[in-house]
Number of protein chains: 2
Amino acid sequence: MSAYAIGVDLGGTNLKAALVEREEGVVTDVSHPTRAQDGPDSIVDRLRSTVANLAEQAPAPVLGIGIGSPGAINLERTTVSHPPNLPGWEVINLRNELEAVANGCPVIVENDANVAALGSAYYGAGRPHDSFIMATLGTGVGGAVIYQNRIFRGSTGAAGEIGHMTIDYEGPLAKSGVAGAIEAYAGQQFLTHHARLRLINRPESLVYELAGENLTALTPRILFDAAEQGDAAAREIFAWVGHKLGAVLGSAVNLLDIRVIVVGGGVSAAGDYILDPARDALHDFVAEALRDGLHLVRETMGNEAGLLGAARLVFEGEDAHVGD
Amino acid sequence: MSAYAIGVDLGGTNLKAALVEREEGVVTDVSHPTRAQDGPDSIVDRLRSTVANLAEQAPAPVLGIGIGSPGAINLERTTVSHPPNLPGWEVINLRNELEAVANGCPVIVENDANVAALGSAYYGAGRPHDSFIMATLGTGVGGAVIYQNRIFRGSTGAAGEIGHMTIDYEGPLAKSGVAGAIEAYAGQQFLTHHARLRLINRPESLVYELAGENLTALTPRILFDAAEQGDAAAREIFAWVGHKLGAVLGSAVNLLDIRVIVVGGGVSAAGDYILDPARDALHDFVAEALRDGLHLVRETMGNEAGLLGAARLVFEGEDAHVGD
């Protein structure tokens, strides 16, 4: 029997939402600018009308609304606090705010990285695995842990913050305040900054041409295009960050004894330029006794993972386990 | 009603065992030299007779035998593979080996660090907490994770290996093969080696006198005695290692969102000389958003934790949860 839920990805740039059928996946999806500068009331209004519109299009009543959000989520999975990309947003209970459009159905809010991991677990690269560590490379470095087919939430729901784990106790400070956190190497701004430094002595690099000679406009995409055209400097930059990613993932494997890693997020589009060096480093940073069965794969699903995972928050309550 | 189990701590130096009553704790305990050089058959013989002796002293039939062991333990908790301090020991199924003396009762084998954490959870510093991270400072750096009153075992039972987590991707190589693993700073041999290096330019240090002028005989105990007498160099060495310990524990907190840490093991007897700097660093290496409720305490129980935890493996099967 068909079963529908609405999945929402509340991002700093776009508010995306989808009507999702349990087996089929996304039926209809929409994307609106979040207009973060308009403030939280306006965002919540837009969220409400988006959800109401999708619910009207559902061939059967929706079972609930799942929302992936940045910021801190409470243990009850109702409230979003201080999302970093939504200025003026302090603490908002989205379950209450959406009560009118939810018609008595559950409204479940979850950390965006956890939601992406859930999407991967049900519909993506994580599907064959009961347990895996997810790392997402984007503006920041996110993370999540799926353990025995469930999100591992920790004591307050904030578990999985791989981006804040250090690989150098004397390293550069990340936004989180942590010295040498992997985010201070692999987060998008840090990555392009490190890349600029490394390119100073590489005037022959294609990157200059592709970036219009102006490295202030450098993006991971430009580095990728250069790497694809055989540029040695661009490939070395990805190898440099991949090595560091492998080091932090090795620490996570040593602690969790979960040996499958799924890497997603925009920057992971650089694929094996990052992931091959990450695999080599992962091997080296996992204790010898724990190296059997290490497996690092890429999640190719992109934004859809967040929408599917958000909808899965609703279906998950009805399932005994993630999976088929 | 009284309930008895036998707890065993299978160490490289001593084979310890205790008859444990569920509420009272240790009733009788014994310790024999392991005589690792005699080989595994001889150790297993001694283990069998030790257990049989204790079982005879029990006022009521014992409910089972729990064994904490170094080395890799299989998921079924029956087999010990390649314990590092027991030469010639390859793969031995202790459940089978103890079958005759167990009289049909369960025999459960578990990683020694997990067992120590279980002891702490039931009888020690971990008792007030549903979830905590345990780090043990001894010959090596061990670790375990208690999550929602259970040992977090990971995919193969090897979770919790804090000692192998890196804090410097270009740091010294630990025995596990991992560069900059905390064990390469805080493991006993590494710690005394780093201490010797730091003492080269500190001829005024009391450590020289206490170690008989010969730093090859340096131990953490000597450093502690010097620190207690006000020796600045000894205190700086403990602060140096405490800082690194705090860094790796910060990484673990970021990943697990478990904010209580219990530190045990012989070297932890240095107490706040290590733990105060570790607390400061822990704060700095946990992301700002996760710093509420951080709590680092010392497990003062010592070896007893291993015996009590081993016995608890037996009682645990009968309990819904750890705790009272």
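As a convention, each chain's residues are numbered from 1 in the sequence order in which they are written. Written order determines the labels here, with chains lettered from A and ligands numbered from 1. Where totals are concerned, whole chains, interfaces and linings use all residues; where local detail is concerned, this predicted model gives features only for residues with pLDDT of at least 70, and gives and counts side-chain atom pairs only at 80 or more. Computation of side-chain values covers all heavy atoms of the structure but excludes hydrogens and water.

Trainee: I keep staring at the sheet that holds strand S8 (residues 107–111) of chain A and nothing clicks. Help me out?
Mentor: Neighbouring strands of a sheet are bound in pairs by backbone hydrogen bonds; such pairs are parallel or else antiparallel. Residue and element names in this part refer to chain A. Pairing is mixed in the open sheet, where 5 strands are placed in the order S3-S2-S1-S4-S8. With partners counted over all chains shown, the strands left at the sheet margins are strand S3 (25–33) and S8, one partner each. Neighbour-to-neighbour, the strand axes of this sheet turn through a mean angle of 20°, independent of strand direction. Of the pairings in the sheet, the one linking strand S2 (residues 14–21) to S3 comprises 8 bridges and is antiparallel in character. Each bridged residue has a counterpart across the sheet, and for Asn-14 the counterpart in S3 is Pro-33. Contacts between helix H1 (residues 40–57) and the sheet are confined to strand S1 (4–10), S2, S3 and strand S4 (65–69), with S2 contributing the most and set at about 25° to the helix. Any two strands between which DSSP finds at least two bridges are classified as paired. Runs of H or I in DSSP of at least four residues are treated as helices and runs of E of at least two as strands, each being numbered from the N terminus. Axis angles are defined between N-to-C directions and span 0 to 180 degrees, where every axis is a line fitted to C-alpha atoms and, for a helix, only to the segment in contact. Every residue pair with non-hydrogen atoms within 4.5 Å of one another is taken to be in contact.

Trainee: Got a minute to help me understand the interface of chain A and chain B in this structure?
Mentor: For an interface, size is often stated in terms of accessible area lost upon the parts coming together. The partner chain B presents 43 residues to the 43 residues of chain A that form the contact. Carbon and sulfur atoms supply 62% of the area buried between chain A and chain B, which totals about 3,400 Å² over both sides. Any pair of N or O atoms that falls within 3.5 Å is considered a polar contact. Within protein, one atom must be able to donate a hydrogen and the other to accept it, and sequence-neighbouring residues count only if both atoms are side-chain atoms. Where chain A touches chain B, the interface holds 26 residue pairs in polar contact (both at pLDDT 80 or more). Secondary-structure elements contributing two or more residues to the side of chain A that touches chain B are strand S10 (141–147), helix H9 (232–256) and helix H10 (272–285) of chain A. Tallying contributions element by element places H9(A) first for the side of chain A that touches chain B, with 8 residues. Two parts lose some accessible area (1.4 Å probe) when they are put together, and adding that loss for both gives the buried area.

Trainee: Is there a simple way to think about the relation of the copies chain A and chain B in this case?
Mentor: Each of the two chain copies can be brought onto the other by rotation about an axis and movement along it. When the copies are superposed, the least-squares fit takes in the C-alpha atoms of residues with a pLDDT of at least 70 in both. Note on the identical chains: chain A maps onto chain B by a rotation of 180° and an axial translation of 0.0 Å, with an RMSD of 0.0 Å. The operation mapping one copy onto its partner corresponds to a two-fold rotation axis. Taking C-alpha positions as the reference, the residue of chain A nearest the rotation axis is Asp168(A), at 2.1 Å. In this assembly, 100% of the residues forming the interface of chain A have copies in chain B that are likewise at the interface, indicating an isologous arrangement.

Trainee: Would you mind going over the pairing of strand S9 (residues 132–137) of chain B with me for this structure?
Mentor: Within a regular strand, the side chains alternate between the two sheet faces. All names here are of chain B. Buried, partly exposed and exposed residues are distinguished by accessible area as a fraction of the type maximum, computed with a 1.4 Å probe on protein chains only: under 20%, between the cut-offs, and over 50%, respectively. For S9, a buried count of 6 out of 6 residues is recorded, marking the element as mostly surrounded by other parts of the structure. The alternating pattern of S9 places Phe-132, Met-134 and Thr-136 on one face and Ile-133, Ala-135 and Leu-137 on the opposite face, and all of these are buried. In terms of strand pairing, S9 meets strand S10 (residues 141–147) through 6 bridges, oriented antiparallel. Bridging from a neighbouring strand, Thr-136 pairs with Gly-142 of S10. Counted between consecutive antiparallel strands, the loop separating S9 from S10 contains 3 residues.

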